[in-house]
Amino acid sequence: QVHFWEFGGGEAQSGSSLRLSCVVTGLPLHIHEMGWYRRAPEKARELIATIKPSGISDYVPAVEGRFTVSRDDAKDVVWLQMDALNPGDTGIYYCNIVNRGYDWGPGTQVTVAS
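Here's what I pulled together on the structure shown here. All values reported here derive from a predicted model rather than from experimental measurement.

A look at the overall build of the chain
Here is step 1: Looking only at helices and strands, the chain features 0 helices and 10 strands.
Here is step 2: Listed N to C, the secondary structure of the chain is β-β-β-β-β-β-β-β-β-β in terms of helices and strands.
Here is step 3: On the principal axes, the C-alpha backbone points of the chain span a range of 40 × 25 × 20 Å.
Here is step 4: Residue burial in the chain is summarised as follows: out of 114 residues, 42% are buried.
Here is step 5: Put simply, of all contacts in the chain between residues at least 6 apart along the chain, 54% involve residues at least 24 apart.
Here is step 6: Surface summary for the chain: the accessible area is close to 5900 Å², and the carbon and sulfur share equals 51%.
Here is step 7: In the chain, 10 side chains carry a positive charge and 13 a negative one; their mean positions are 1 Å apart.

Here it is as structure tokens:
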């Protein structure tokens, strides 16, 4: 079984930082492109960042320059470093393999004070 386990969410003040982690079980991570997604209140889940097996990452404009994705394939872990947080970053954050249709994990809640 393939599962995604997100950790590290919590409450933060505007301008501060959080670091999320994603542990993948059930398959080797090293050959897959990984994505970070978030679901803001009353909005649909959206892809915000990706990282290829080569380490090349990409970001949507809303987070580019503030968020950084990294990976450690030996540990099957992906991280999302979030800096300069603002209230628009509030939501539930998920990780998943891009374009493969696996079930979602529980996510981790991030709340940024306004």
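Some points on the sheet that holds strand E10 (residues 108-112)
Here is step 1: Strand order in the open sheet formed by 6 strands is E2-E10-E9-E4-E5-E6, and the pairing between neighbours is mixed. The sheet is open, and its two edges are formed by strand E2 (10-12) and strand E6 (57-59), each paired on a single side. Along the sheet, successive strands turn relative to each other by an average axial angle of 25 degrees, direction set aside.
Here is step 2: In the sheet, strand E9 (residues 91-97) pairs with E10 via 3 bridges, with the strands oriented antiparallel. Note on E10: the bridge partner recorded for Gly91 is Val110.

The rules behind each value
Residues numbered from 1 in each chain as written. Predicted model: local features only at pLDDT ≥ 70, side-chain atom pairs only at ≥ 80, totals over all residues. Heavy atoms only, no water. Helix = DSSP H or I, 4+ residues; strand = E, 2+ residues; numbered from the N terminus. Buried < 20%, exposed > 50% of the residue type's maximum accessible area, 1.4 Å probe, protein only. Contact = heavy atoms within 4.5 Å. Areas by Shrake-Rupley, 256 points an atom, 1.4 Å probe, with all protein chains shown as cover. Lys, Arg positive; Asp, Glu negative; His and termini not counted. Charge placed at Lys NZ, Arg CZ, Asp CG, Glu CD. Pairing = 2+ DSSP bridges. Axes fitted to C-alpha atoms, helices over the stretch in contact; angles between N-to-C directions.

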